[in-house]
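# Inside the fold
So the chains spell out like this:
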Amino acid sequence: MITAFGRFIAMLAGDPLPDRSVPPTGYTARLTLFTSGAMAFLAMFALALSLATGRLADRWSAELARTSTLRISAPADQLDAQQAAAIKLLETTPGVASARALSTEEQQELLEPWFGPDIPIASLPIPRLIEIIEEGEGYDPTGLRARLQAEVPGAILDDHTRWREPLIDAASRLRLLAVTAILLIVAAMGAMITLAAQAALSANAQVIRVMRLVGARDLYIAGAFVRRFTIRAFAGAAAGSIVGMLAVLLLPSTEVAGGFLTGLGFQGAGWFAPLCIPVLAAVVAFFATRAAALRTLRTQS
Amino acid sequence: MIELDRVAYSYGGGELFSDVSLNLAPGSFQFLTGPSGAGKTTLLKLCYGELRATSGHVRLFGQNAREMGRDEVALARRKIGVVHQDCQFLDHLPVAENIALPLTVAGRAQEAGDYLEDLLRWVGLAHQAGQLPPELSGGERQRAALARAVIISPDVIIADEPTGNIDWEMSQRLLRLLIELNKMGKAVLIATHDMNLIRTAKTQVQSRVLRLNNRRLQAAGVDL
Ligand SMILES: Nc1ncnc2c1ncn2[C@@H]1O[C@H](COP(=O)(O)OP(=O)(O)OP(=O)(O)O)[C@@H](O)[C@H]1O
Ligand SMILES: [Mg+2]
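Residues numbered from 1 in each chain as written. Chains lettered and ligands numbered in written order. Predicted model: local features only at pLDDT ≥ 70, side-chain atom pairs only at ≥ 80, totals over all residues. Heavy atoms only, no water.

### Looking at the side chain of A:Gln83
All names here are of chain A. Going by this rule: A helix here means a DSSP run of H or I that spans at least four residues, while a strand means a run of E at least two residues long, and both kinds are numbered starting from the N terminus. Only protein chains enter the area calculation, which uses a 1.4 Å probe; residues under 20% of their type maximum are buried, those over 50% are exposed, and those in between are partly exposed. Should any heavy atoms of two residues lie within 4.5 Å, those residues are counted as being in contact.
Mapped onto the secondary structure, Gln83 falls in helix α4 (residues 76-91). A relative accessible area of 16% places Gln83 in the buried class. Excluding its chain neighbours within four sequence positions, the residues that come into contact with Gln83 are Ile72, Ala101, Arg128 and Ile130.

Now the structure itself:
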């Protein structure tokens, strides 16, 4: 593996002469350029999707897992007592970092989108809300519910898990699909390049024969083909990646679209990922062509 | 350097020749004659490892040809200059690059330089250096093939009908080149139908004439 990688580097840096010994092959050249371009374009979307769903899943699980809400509905004269009891109970619950009753202003803010800014919140029989922030592994919801039932009869614990889990599950599935898509794209590209290389090799049987007659070794002959296909795949993939990246950039802006599309671009270190695609294409082309060439050379001696 | 010991070869049908022994020793100069179809080209192919003997032993520079891998054969070929009957060029490269190909392939392209130009002049191709092989005449191609065969300064030179399409004066010139190289200790083996060439050579160099006929290789008599 290390020697193959060394050869890969040496070949990219190295002697351009073997190239010239193989005549330009217009058809396989265009095929390789087009294939790697198209595959890189597709890979760019799969990559963007996988990065975005990864971020989404992380964010959802991080945000949602950290907080939950306790709702207390009780006759007006018991509300304060039950709220105090609940907070006291929560503060002694392992896994709870803090518990805090929302202030009247905060409740007002929450209701504003529905009832406008002028609702007389103090006179309405609305439940009290306590925000729970978790720490470590979080609390045990079943145990907490049991204790609440006994001590704070009006309390209902909403730990978000009900709707959190399928969301996170969906996001991770989506990410798995995207990664599978990338792997399939890479495999398909390898297969196409193998076919193109084989076509080039059989079209150049006479060239191979002459090279052999003047004392060229297999690796030298293979190198002439490998170098060419690697460079083509890299160029095609670079072009495809640039177009794909532009397309991702031109997706509707996240603020406007809101919601799910949020962050289907590349962010921060994520910008390095698309740069890997042309390199990956070159590596795939290198090994695919090398294997095809050495196999062909072995059979036609 | 190249030895054939009681070698036989068949292309699958009947045996083309058998019990053939031949030694290309340093400084030897040999001609191979025989009727068309007798197997001269085939015999030469055994000598540079393109074909493997059906029976008997072929030794290339001390190695048993049967046991050599492709890369070992490739390395051996760098010590053998071959003029093929059908020339075998890379048609998309100019003549000069074709002639330099054995050096290029051996990673010694930078050695071509002045020697390449002298050689092109000697074989009368100085003006054709930039042309592509298909644009050359048959005789020009043969001269280019000879130039390619000798450029790497091989220990052994094997030429298959090198003067088939060449006028008498030019074949004299090529013969002189081969004789010069032979004087430097290189083994030369030339397959030819050209009796005049053989006769002229015999006046200039100690040489042997072998005749492949009726499936056997024999030293030709004095009746030349
Ligand atoms: N690849 C091959 N497959 C089958 N038969 C072959 C092959 N090459 C040559 N032959 C046959 O072997 C015989 C000898 O061929 P070869 O080329 O060695 O003859 P040659 O002595 O060089 O003839 P010439 O003087 O015409 O060049 C011929 O009958 C030819 O048909
Ligand atoms: Mg012949």
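### Thoughts on the site of ligand 1
All names here are of chain B. Quick note on the threshold: Only a single heavy atom is needed: when it lies within 4 Å of a molecule or strand, its residue is near that molecule or strand. Throughout this description, a polar contact denotes any pair of N or O atoms lying within 3.5 Å of each other; where both atoms belong to protein, one of them has to be capable of donating a hydrogen while the other can accept it, and for residues adjacent in sequence the pair is counted only when both atoms sit in side chains. The method behind every accessible area is Shrake-Rupley, applied with a 1.4 Å probe, and residues are considered shielded solely by the protein chains displayed. Throughout, the ten residues Ala, Val, Leu, Ile, Met, Phe, Trp, Tyr, Cys and Pro are labelled nonpolar, Asp, Glu, Lys and Arg are labelled charged, and all others, Gly among them, are labelled polar.
Near ligand 1, the surroundings consist of Tyr11, Leu16, Pro35, Ser36, Gly37, Ala38, Gly39, Lys40, Thr41, Thr42, Gln85 and His193. The contact in question runs from an oxygen atom of ligand 1 to an N or O atom on the backbone of Gly39, over 2.9 Å. Thr42 places a side-chain nitrogen or oxygen 2.5 Å from an oxygen atom of ligand 1. Bound to the protein, ligand 1 loses 57% of the 630 Å² it would expose on its own. The greatest single-element share of the shell around ligand 1, amounting to three residues, is contributed by helix α1 (residues 40-47). Tallied by class, the residues present in the shell around ligand 1 amount to four nonpolar, seven polar and one charged.

### What about the coordination of the magnesium ion (ligand 2)?
Residues and elements named next belong to chain B. As a reminder of what qualifies: Here the term donor refers to an N, O or S atom within 2.8 Å of the metal (or 3.2 Å for Na, K and Ca), and because water is left out of the atoms, sites may appear incomplete.
Summarising the metal site, the magnesium ion (ligand 2) is bound by the protein donors Thr41 (OG1) and Gln85 (OE1), whose distances to it range over 1.8 to 2.2 Å. A residue pair is termed long-range when its members are at least 10 positions apart, and Thr41 in helix α1 and Gln85 in the loop between β6 (80-83) and α3 (95-105) qualify at 44 residues. In this structure Gln85 comes out as partly exposed when scored by relative accessible area, which is 43%.

### Some words on the interface of chain A and chain B
Keep this limit in mind: The buried area of a pairing is the accessible area, by a 1.4 Å probe, that goes missing from both parts when the two are put together, added over both. Take a side-chain nitrogen of Lys or Arg and a carboxyl oxygen of Asp or Glu: if they are within 4 Å of each other, that pair is a salt bridge.
Across the boundary between the two partners, chain A contributes 21 residues, which contact 22 residues of chain B. Summed over both sides, the interface between chain A and chain B buries roughly 2,000 Å², with carbon and sulfur atoms accounting for 57% of that surface. When the buried area of chain A at its contact with chain B is split by residue, A:Leu213, A:Val214 and A:Arg217 rank highest and sum to 32% of it. In this structure, the connection of chain A to chain B is made through two salt bridges. Of the charged contacts in the structure, one is a salt bridge between A:Arg209 and B:Glu50, with a shortest N-O distance of 2.5 Å. Counting across the interface, chain A meets chain B through seven residue pairs in polar contact (both at pLDDT 80 or more). Secondary-structure elements contributing two or more residues to the side of chain A that touches chain B are α2 (17-21), α8 (205-213), α9 (218-249) and α11 (272-299) of chain A. Tallying contributions element by element places α8(A) first for the side of chain A that touches chain B, with seven residues. In the side of chain A that touches chain B, the residues fall into eleven nonpolar, four polar and six charged.

### A word on the sheet that holds strand β1 (residues 67-72) of chain A
Residue and element names in this part refer to chain A. As a reminder, the rule being used: A pair of strands counts as paired when DSSP detects no fewer than two bridges linking them. All axes are obtained by fitting lines to C-alpha atoms, using only the stretch in contact for helices, and the reported angles, taken between N-to-C directions, cover 0 to 180 degrees.
Pairing is antiparallel across the open sheet formed by four strands, whose spatial order is β2-β3-β1-β4. Since the sheet does not close on itself, it has two edges, and those belong to β2 (96-101) and β4 (155-158), each with one partner. When strand polarity is set aside, the average angle formed by the axes of neighbouring strands in this sheet is 20°. Two strands pair when backbone bridges link them, and β1 and β4 are joined in this way by four bridges, in the antiparallel orientation. In the sheet register, Arg71 faces β4, and the bridge partner there is Ile156. Helix α6 (residues 141-151) rests against β1 and β4 of the sheet, and its axis sits at about 170° to β4.

### Points about the pairing of strand β3 (residues 128-134) of chain A
Residue and element names in this part refer to chain A. Pairing analysis gives six bridges linking β1 to β3, with the strands arranged antiparallel. If you follow Leu70 over to β3, its bridge partner there is Ile130. Of the pairings in the sheet, the one linking β2 to β3 comprises five bridges and is antiparallel in character. Within β3, the position partnered with Arg100 by the bridge is Glu131.

### Quick word on helix α5 (residues 138-150) of chain B
Structurally, the α-helix is built with 3.6 residues per turn, so residues lying three or four positions apart point the same way. How we decide: Under the convention used throughout, the expected extent of a helix is 1.5 Å for every residue step, that is, one less than its residue count.
A rise of 1.5 Å per residue sets the reference length of α5(B), with its 13 residues, at 18 Å; its end C-alpha atoms lie 19 Å apart and thus fit the reference within 8%. Taken across its 13 residues, α5(B) has eleven buried, putting it largely inside the fold. Every buried residue belonging to α5(B) is among B:Gly139, B:Glu140, B:Gln142, B:Arg143, B:Ala144, B:Ala145, B:Leu146, B:Ala147, B:Arg148, B:Ala149 and B:Val150, and all of these are buried. Tucked inside the fold, the buried residues of α5(B) contact α8 of chain A together with β6, α3, α4 (113-122), β7 (156-160) and α6 (168-183) of chain B.

### A few points about the pattern of salt bridges
This structure, assessed with the given rule, holds eleven salt bridges over all chains. In this structure, the salt-bridge partner of A:Arg128 is A:Asp80, at a minimum N-O distance of 2.9 Å. Within this pair, whereas A:Arg128 is found in strand β3, its partner A:Asp80 is found in helix α4, the two being separated by 48 residues in sequence. For A:Arg128, a relative accessible area of 25% translates into the label partly exposed. Across the pair B:Arg6 and B:Asp5 runs a salt bridge whose closest N-O atoms are separated by 3.6 Å. In this structure B:Asp5 comes out as partly exposed when scored by relative accessible area, which is 35%. Through salt bridges with shared partners, a single network forms among A:Arg100, A:Glu106 and A:Glu131.

### Thoughts on the confidence of the model for chain B
When pLDDT drops low, the exact placement of atoms in the prediction is not to be read closely. Rule in force here: The pLDDT score gives, residue by residue, the confidence of the prediction method on a 0 to 100 scale.
For chain B, per-residue confidence averages 89 on the pLDDT scale, and residues scoring 70 or more make up 98% of the total. Across the predicted assembly, pTM comes out at 0.74 and ipTM at 0.88.

### Some remarks on a negative patch on the surface
Just so we agree on the cut-off: Every patch collects residues that have over 30% relative accessible area and no salt bridge, joining them within 9 Å if they carry like charges and within 5 Å if they are nonpolar side chains (Val, Leu, Ile, Met, Phe, Trp, Tyr). Two residue types count as positive, namely Lys and Arg, and two as negative, namely Asp and Glu; His and chain ends fall outside the count. The atoms used to mark charge sites are NZ of Lys, CZ of Arg, CG of Asp and CD of Glu.
Taken together, the side chains of A:Glu105, A:Glu109, A:Glu112 and A:Asp118 make up a negatively charged region of the molecular surface. Residue class for A:Glu112 comes out partly exposed when judged on its relative accessible area of 36%.

### So, the sheet that holds strand β3 (residues 29-33) of chain B
Residues and elements named next belong to chain B. If you walk across this open sheet you meet the six strands as β6-β7-β8-β3-β9-β10, and the pairing is mixed. Of all strands in the sheet, those with a lone pairing partner are β6 and β10 (216-219), marking the two edges. Within this sheet the neighbouring strands show an average axis-to-axis angle of 15°, counted without direction. Relative to strand β8 (residues 187-191), β3 is paired through four bridges, and the arrangement is parallel. The residue of β8 that forms the bridge with Gln30 is Leu189. This element, α5, spans β6 and β7 of the sheet and lies at about 175° to β6. Against the sheet, α6 engages β3, β7 and β8, with an angle of about 135° to β3.

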